[in-house]
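Topology and contacts: notes
So the chains spell out like this:
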Amino acid sequence: SLTSICALAQKPVVRIGVVLDGPSSFSETAASTFEQEITIVLSDEYEVLFPADKRLIGDWTKDRTGALIDRLLGDDEVDMVLALGFLASQQVCLKASLSKPVFAPYVGQADLQQVPQEIRRLEPPPPEKPVQYRVSGVDNLAYLEMGGNLEAEISAFLEVVPFSSLTFLIVRDWAEMIPNVDAIGRSIE
């Protein structure tokens, strides 16, 4: 029947909630870009929705950002959470468990930020050599590590421009995400 054909043609709907660290033109541009790209990637299999009332903007503090993440994780009208920003990515990565899939694309340096990670091997391994890859090891958590190594970058900068002191200007809650960031700076000479 025509009803059966129409039902088969419909794609499942996925509703994605977004948490931004705080208001800024960069945050809005990043959110729009991620929404467009996610829609393109998933559109063959899903109808992707980013409901406007599920785009939550923090106030640049970890407490508020964490509360907004919790709100989306507990929202039955949200199927997945996109944690956009360093605070949002950090806050979601430190949760012991997640009730729905979460993507955190702004992890700077996982080991330095104490973000969970495991090394796994590709099974079955290719004949030429085993392939290893890193995962969060937490159900429903995927994150993107932006790369870089703070210690190596400061050391390289020191070689190019000799200096005796270096000052970081950083949002307080961001500095708290990396508990030993001040020790790293002091250890490089």
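Structural notes, computed from the coordinates. (Residues numbered from 1 in each chain as written. Predicted model: local features only at pLDDT ≥ 70, side-chain atom pairs only at ≥ 80, totals over all residues. Heavy atoms only, no water.)

In the Ramachandran plot, tryptophan 60 falls in the positive-phi region, its phi being about 70° despite a non-glycine side chain. Tracing the sequence through the fold places tryptophan 60 in the loop between β3 (55-57) and α3 (62-73). The exposure class of tryptophan 60 is partly exposed, given its relative accessible area of 27%. Even without being a glycine, asparagine 140 presents a positive backbone phi close to 70°. Within the secondary structure, asparagine 140 is located in the loop between β7 (132-135) and β8 (141-145). You can call asparagine 140 partly exposed: its relative accessible area is 33%. (Helix = DSSP H or I, 4+ residues; strand = E, 2+ residues; numbered from the N terminus. Buried < 20%, exposed > 50% of the residue type's maximum accessible area, 1.4 Å probe, protein only.)

Right, let's talk about the environment of isoleucine 38 for a bit. Following the sequence through the fold, isoleucine 38 ends up in helix α2 (residues 25-42). A relative accessible area of 14% places isoleucine 38 in the buried class. Placed ten residues apart in sequence, isoleucine 38 and valine 48 show a C-alpha to C-alpha distance of 8.1 Å. Once residues lying within four places of it in the same chain are set aside, the contact partners of isoleucine 38 are Ile16, Val48, Phe50 and Leu82. (Contact = heavy atoms within 4.5 Å.)

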